[in-house]
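Geometric and topological summary
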Amino acid sequence: HNSDAQEQALVFCGLVGLEDPPRPEVPEAIRQCREAGIKVIMVTGDHPHTALAIGRQIGQVLSENPVVITGERLRKLSETQLQLALDAPDIIFARVAAEQKMRIVAALKKKQHIVAVTGDGVNDAPALKLADIGISMGIVGTDVAKEAADMILLDDNFATIIAAIEEGRAVYDNVRKFFTYILTHTIPELVPFLAFVLLQVPLPLTVLQILIIDLGTDTLPALALGAEKPDAGLMQKSPRLKNEHLVNFRLLARSYLFLGIIEACAAMSAYFYVLHNGGWHWGENLDSHNPLYMQATTACLGAIIVMQAMNVFLCKVPNQSIFKVKLFNNPMIIWSLLLQITLIFAIIYTPWGNF
């Protein structure tokens, strides 16, 4: 049959349009990215007008004249020109090929960015492999894309990536809170031994009491800090530097030189206060079973535990006033502190705790 004859005497009935709308939660996720210092770049094979319209719809493009680079124009850009173009606040790449996606990722990595790439097709696999974090779609993603990716997004939802970033930041902060809390009590445990050696005073803290702190009273509060909920302003902070260590000088200084010194002063003050009130004189030796010595070491132990109970809240909100945040929104901390106080009372006031 003649194909031209088949399209004769047709009657126009109407137009049919197909729309693939973005998920409703994407605009909020894009806004959170912007606040968190995360730059989102659209790299698509669609027409530039389509990409720009979607970019405005989801809130990725806010400026009146965003930079839109097509694959044809990208081929003409040098490496320097591409890196300069990537500094634009709003930039979209449209009609790009697979090798061009790799080129964009390589340019971003050369600018010392941590690059995460999302994709679902075979042509996305090279960029997924080259990125610092390749994220493949779990539902519509091809097997090739999934094999090339570091992470598979099971619900194919961009907002889930933002939730994962928030959770990752929270875990990182909680580990730091945990380390700060644990490292702090090493100073009030060390200072009594230094005083015993250098000042020739009765040993303010026994080895058994140190074990009570390390393995008893401090264990649950430290674990509770590791289960803290994300801070309210966590996603308003800029990403940490690539070379920033988990345990850095600032954390060690705060633990050892600030919080630890305060606890050591409180513990030694309680120890010498009890000795002085009991009639002890400097240079006098006390037997380990002497009631006055036992009371003084108990006061030293109690002071450390009470200070560590306060330290939980100082580690919980390290950069804010404790009067401006919710201190009791973590039930694990409350229960751990109650158990901590119960344990110290049992040690002090019960016969089995006086061994």
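Details of the structure are given in the entry above.
Structure report, in brief. On a predicted model such as this, the values are computed, not experimentally measured, just so you know.

Position of I114 relative to the elements: it lies in the loop between α5 (98-110) and β4 (116-119). Look past the residues within four positions of I114 in its chain and what remains in contact with it is D132 and K242.

A few words on the packing of helix α13 (residues 291-316) against helix α14 (residues 331-349). Following both chains from N to C, one finds α13 and α14 inclined at 175°, their axes separated by 10 Å at the closest point. Relative to α14, the element α13 is oriented roughly antiparallel. Each of T298, L301, G302, I305, Q308, A309, V312, F313 and K316 in α13 lies in contact with α14, whose residues at this interface are I333, L337, Q340, I344, I347 and I348. Classifying every residue of the contact of α13 with α14 by side-chain character gives 10 nonpolar, four polar and one charged.

Turning our attention to the nonpolar core. By size, the foremost hydrophobic cluster in this structure holds 25 residues, and its most contacted members are Y271, L275 and L301. Contributing elements (two or more residues each) for this core: α10 (207-217), α12 (249-277), α13 and α14. Here L301 is in contact with L205, Q209, I213, I344 and I347, once residues within four sequence places are set aside. One finds I91, I104, V115 and L128 within the second-largest nonpolar core, a separate group that totals 22 residues.

This brings us to α13. Its 26 residues give α13 an end-to-end C-alpha distance of 38 Å, which sits within 8% of 38 Å, the value for a rise of 1.5 Å per residue. Taking the largest bend as the criterion, α13 deviates by roughly 25°, centred on M310. At the N-terminal end of α13, a side-chain oxygen is found 2.8 Å from the backbone nitrogen of L292, two or three residues along, and the residue is N290.

Now for the pattern of salt bridges. Across all of its chains, the model carries nine salt bridges by this definition. A salt bridge links D173 to K237; the shortest N-O distance between them is 4.0 Å. Of this pair, D173 sits in helix α8 (residues 158-184) while K237 sits in the loop between α11 (219-225) and α12, and the two are 64 residues apart along the sequence. When salt bridges that share partners are traced, they join E28, R31 and E35 into one network.

By secondary structure assignment, the location of R176 is in helix α8. When its relative accessible area of 18% is taken as the criterion, R176 is described as buried. A polar contact is formed between the side chain of R176 and the side chain of E244, at a distance of 3.0 Å. Sequence-distant contacts of R176, that is, excluding residues within four places in its chain, are made with E244, H245, L246, N248 and L251.

The subject of this paragraph is unusual backbone geometry. Phi angles above zero are rare outside glycine, and R95 is one such case at about 55°. When you line up the elements, R95 lands in the loop between β3 (91-94) and α5. Take R95: its relative accessible area is 46%, and that puts it in the partly exposed class. You will see that Q200, though not glycine, has its phi angle at about 55°, which is positive. With respect to the secondary-structure elements, Q200 resides in the loop between α9 (186-198) and α10.

Bringing the sheet that holds strand β2 (residues 67-70) into the picture now. Pairing is parallel in the open sheet, where three strands are placed in the order β1-β3-β2. The sheet is open, and its two borders are formed by β1 (42-43) and β2, each paired with just one other strand. Packing of helix α2 (residues 48-57) onto the sheet brings it into contact with β1, β2 and β3, and relative to β3 it is tilted by some 145°.

Let us now look at the sheet that holds β4. Spatial strand order, β4-β5-β6: three strands in an open sheet with parallel pairing. Edge positions in the sheet fall to β4 and β6 (151-153), since each has one partner strand and no second. Taken pair by pair, the neighbouring strands of this sheet meet at an average axis angle of 25°, ignoring direction. Where β4 meets strand β5 (residues 133-137), four bridges bridge the pair, whose relative direction is parallel.

How two aromatic rings sit relative to each other is given by the distance of their centres and the angle of their planes. Considering all chains together, one arrives at six aromatic pairs under this definition. Taking 6.4 Å as the distance between ring centres and 35° as the angle between the ring planes, the aromatic pair formed by F272 and W280 counts as tilted. An aromatic cluster is defined as three or more aromatic residues linked by ring pairs; in this entry it consists of Y271, F272, W280 and W282. Over the face of the ring belonging to Y172 we find R240, whose NZ or CZ atom lies 3.6 Å from the ring centre.

Another aspect to go through is the environment of I91. Note on placement: I91 falls in strand β3. Residue class for I91 comes out buried when judged on its relative accessible area of 2%. Spatially, the C-alpha atom of I91 lies 7.4 Å from that of M42, the residues being 49 residues apart in sequence. With sequence-adjacent residues up to four places away left out, I91 is seen in contact with K39, I41, M42, Q60, V67, I69, A85 and L86.

Criteria and thresholds
Residues numbered from 1 in each chain as written. Predicted model: local features only at pLDDT ≥ 70, side-chain atom pairs only at ≥ 80, totals over all residues. Heavy atoms only, no water. Helix = DSSP H or I, 4+ residues; strand = E, 2+ residues; numbered from the N terminus. Contact = heavy atoms within 4.5 Å. Axes fitted to C-alpha atoms, helices over the stretch in contact; angles between N-to-C directions. Parallel < 35°, antiparallel > 145°, perpendicular 65-115°, else oblique. Nonpolar A, V, L, I, M, F, W, Y, C, P; charged D, E, K, R; others polar. Core = buried A, V, L, I, M, F, W, Y, C linked by side-chain atoms within 4.5 Å. Buried < 20%, exposed > 50% of the residue type's maximum accessible area, 1.4 Å probe, protein only. Expected span 1.5 Å × (residues − 1). Bend = angle between axes of the 7 residues up to and from the residue. Polar contact = N/O pair within 3.5 Å; in protein donor to acceptor, adjacent residues only side chain to side chain. Salt bridge = Lys/Arg side-chain N within 4 Å of Asp/Glu carboxyl O. Pairing = 2+ DSSP bridges. Phe/Tyr/Trp six-rings, centres within 6.5 Å; stacked < 30°, edge-to-face > 60°. Lys NZ or Arg CZ within 6 Å of the ring centre and 35° of its normal.

That's the geometry; what it means functionally is another story.
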